[in-house]
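Observations on the three-dimensional arrangement
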Amino acid sequence: MLKPSPDQDDTTPQAAQGRILSGVRVLDLSRFLSGPQTTLFLAALGAEVIRIDDPAKGDPTFDAPPYLGTAGVSFKRAAPEDVGIAYLKRSRGKKSASLDLKSKEGRELFLRLVEKADVVVENFRVGVTERLGITYETLKARNPRIIHCAITGYGSTGPERHRKAFDLMVQAASGFMSITGAPDGAPSKTGSPLSDGIAGTFAFASVLGALYQRERTGAGQFIDVSMTDCLVSLMFDEPFDCYGTLGLPLRQGNRITRFSPFNTYPTRDGMVAIGAGTEEDWRALLAVMGRDDLLQCPDHMSRGWRIANNDRVDAMVRAWTEARDTAEAVAALDAREIPCGPIRRIDEVASWPHMIARRMLEPLVNPLAPQAGGAVAPAFPVKFSQAETSYTEQAPLPRFHNSEVFADILGLPPEELARLSQAGVI
């Protein structure tokens, strides 16, 4: 396993003040969401993550709406202090440097950084690392311990590996859109860019696994993460390939084909999700609804019959929920331990006492306008009993850490930094 620093006392709570990846250096060449999600999680565990941007173009999300600035949140950049919300969220806990990888000097500086790094994360299209001269084989020649994680839409192998992809295209190509939405509606993507987030999370876990293996073998490796593969791996836990044989539509809306009732239902002031996952849940729900008479009905007490007759079951549950406020319905269901929950709006999630107690959302800070408010960012979602997880620093301004990266890590003198900056290399 990763060894604690010499000053760590792993007999105390929060093992040695608890930064799991303390001492691990990550070079982040990624853009948009999948890669930055990976490195955001690594930063939360204490890795030193160094974002490396093109000195001419910078990060595409820095100047992309919506913005957070002196006037709050807006789609229009009204002042130089306004910064893209996506950049502010995804760059927390990281350092920012700039480097022209297309130049000979820039490439060499990057390879020198690789010699002093543990992990490289990128989400270039297949073929870009070859054109830049920074393939895994090249990196490995400079540092055999390097772990190179490449995230692509369709993977580094296969006949469609070269295709460009964003979340929408991956959800479409993987079949995920075909199973999302109402049965009589059109295919739909999820509300958030799920394939990016899932691939970034798989990549995060894979990097941790590779670091663990390196502790035993001493060798780094190449990690090939496909957004499509990750989505398919989760999707096919459900037997969608058998739906045709079973006579089921692929799009089930909020239902699930193994339980009934399992859906969302209107109340007098909102909606509530209810699911009877066991026969005990169903009996308890009948009691709550005052329908104990159905306990003697062979049809209603057969899960197979209820699934085949979902419309009739849903109509009965809906009649009960429509006569109650959401809070009243949830309280009655909770009293019998029936799985349920109100459908919260996003603003309600932000003020939900449970989320506040879990410290899952924190104010988003713009370093150019630290008093600006109106946006929140998620904290790292996993709690460790013996480790601290947090984004210790706000998002840095572009190039903010150039001197630290190139002078402190590579030992370049001030006059060389000035020359490289003037030449557009950094």
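Since the structure is predicted, the reported quantities are computational estimates derived from the model, not experimental observations. (Residues numbered from 1 in each chain as written. Predicted model: local features only at pLDDT ≥ 70, side-chain atom pairs only at ≥ 80, totals over all residues. Heavy atoms only, no water.)

1. Topic: the sheet that holds strand 8 (residues 147-152)
The strand order across the open sheet formed by six strands is 6-2-1-7-8-9, and the pairing between neighbours is parallel. A single partner strand is all that each edge strand has here, and the edge strands are strand 6 (94-98) and strand 9 (221-226). Averaged over all pairs of adjacent strands, the angle between strand axes in this sheet comes to 20°, irrespective of strand direction. Pairing between strand 7 (residues 119-122) and strand 8: four bridges, direction parallel. Across the sheet, Val119 pairs through a bridge with Ile147, a residue of strand 8. Strands in contact with helix 1 (residues 34-44) are strand 1 (25-28), strand 2 (48-53), strand 6, strand 7 and strand 8; relative to strand 6, the strand with the most contacts, it is inclined by about 130°. Seen against the sheet, helix 8 (residues 227-235) touches strand 8 and strand 9 and runs at an angle of roughly 65° to strand 9. (Pairing = 2+ DSSP bridges. Helix = DSSP H or I, 4+ residues; strand = E, 2+ residues; numbered from the N terminus. Axes fitted to C-alpha atoms, helices over the stretch in contact; angles between N-to-C directions. Contact = heavy atoms within 4.5 Å.)

2. Looking at the pattern of salt bridges
Applying the stated criterion to the full structure yields 27 salt bridges. Between Glu238 and Arg258 there is a salt bridge whose closest N-O contact spans 2.9 Å. Placement of the pair is Glu238 in the loop between helix 8 and helix 9 (243-246) and Arg258 in the loop between helix 9 and strand 10 (262-266), with a sequence separation of 20 residues. Here Asp314 makes a salt bridge to Arg255, at a shortest N to O gap of 2.7 Å. Taken as a pair, Asp314 in helix 12 (residues 310-321) and Arg255 in the loop between helix 9 and strand 10 lie far apart in primary sequence, 59 residues in all. Residue classification places Asp314 among the buried residues on the basis of a relative accessible area of 1%. In the salt-bridge network here, residues are joined through shared partners; they are Arg25, Glu48, Lys95 and Glu404. (Salt bridge = Lys/Arg side-chain N within 4 Å of Asp/Glu carboxyl O. Buried < 20%, exposed > 50% of the residue type's maximum accessible area, 1.4 Å probe, protein only.)

3. Some words on the side chain of Arg214
Topologically, Arg214 is positioned in helix 7 (residues 194-217). Setting aside residues up to four positions removed in sequence, Arg214 forms contacts with Asp118, Arg145, Ile147, Ala219 and Gly220.

4. Things to note about the nonpolar core
Counting residues in hydrophobic clusters, the biggest one holds 38 residues, and the most contacted among them are Val26, Leu42, Val119, Cys149, Ile151 and Val225. The greatest single-element share of this core, amounting to seven residues, is contributed by helix 7. Here Val119 is in contact with Val24, Arg25, Val26, Leu27, Ile146, Ile147, Val207 and Leu211, once residues within four sequence places are set aside. (Core = buried A, V, L, I, M, F, W, Y, C linked by side-chain atoms within 4.5 Å.)

5. Here's the deal with the packing of aromatic side chains
Following the criterion strictly, the structure yields eight aromatic pairs and no others. Ring geometry for Phe204 against Phe380: centres 6.1 Å apart, planes inclined by 75°, an arrangement best described as edge-to-face. Here Phe204 is found in helix 7, whereas its partner Phe380 is found in the loop between strand 14 (376-378) and helix 16 (402-409), with 176 residues between them in sequence. For Phe204, a relative accessible area of 10% gives the class buried. Among the aromatic residues, those joined into a cluster by ring pairs are Phe41, Phe204 and Phe380. (Phe/Tyr/Trp six-rings, centres within 6.5 Å; stacked < 30°, edge-to-face > 60°.)

6. Comments concerning empty space enclosed by the protein
The final tally for this structure, using the stated rule, is one cavity of 30 Å³ or more. One number sums up the size of the largest cavity: a volume of about 40 Å³. Residue lining of the largest cavity: Arg31, Phe32, Pro36, Arg51, Asp59, Thr61, Ala86, Tyr87, Arg90 and Ser91, and that is the complete set. Considering every element that reaches the lining of the largest cavity, the biggest residue donor is helix 2 (residues 85-90), with three residues. Class assignment of the residues belonging to the lining of the largest cavity gives a composition of four nonpolar, two polar and four charged. (1 Å grid on protein atoms, 1.4 Å probe; cavity = no way out; pocket = protein on both sides within 12 Å on 5 of 7 lines; lining within 4 Å. Points joined across faces, edges and corners; volume = space filled by probe spheres on them. Nonpolar A, V, L, I, M, F, W, Y, C, P; charged D, E, K, R; others polar.)

7. Quick look at a positive patch on the surface
A surface patch of positive charge is lined by Lys57, Lys102, Arg125, Arg131 and Lys164. Looking at where Lys57 falls in the secondary structure, it is placed in the loop between strand 2 and strand 3 (67-69). For Lys57, a relative accessible area of 69% puts it in the exposed group. (Patch = residues over 30% accessible without salt bridge, like charges linked within 9 Å, V, L, I, M, F, W, Y side chains within 5 Å. Areas by Shrake-Rupley, 256 points an atom, 1.4 Å probe, with all protein chains shown as cover. Lys, Arg positive; Asp, Glu negative; His and termini not counted. Charge placed at Lys NZ, Arg CZ, Asp CG, Glu CD.)

8. Things to note about the confidence of the model for the protein chain
On average, residues of the protein chain carry a pLDDT of 94, and 96% of them reach 70 or more. Here residues 1-16 scores under 50 on pLDDT; set against residues more than four positions off or in separate chains, the count is 21 contacts. (pLDDT = per-residue confidence, 0-100.)

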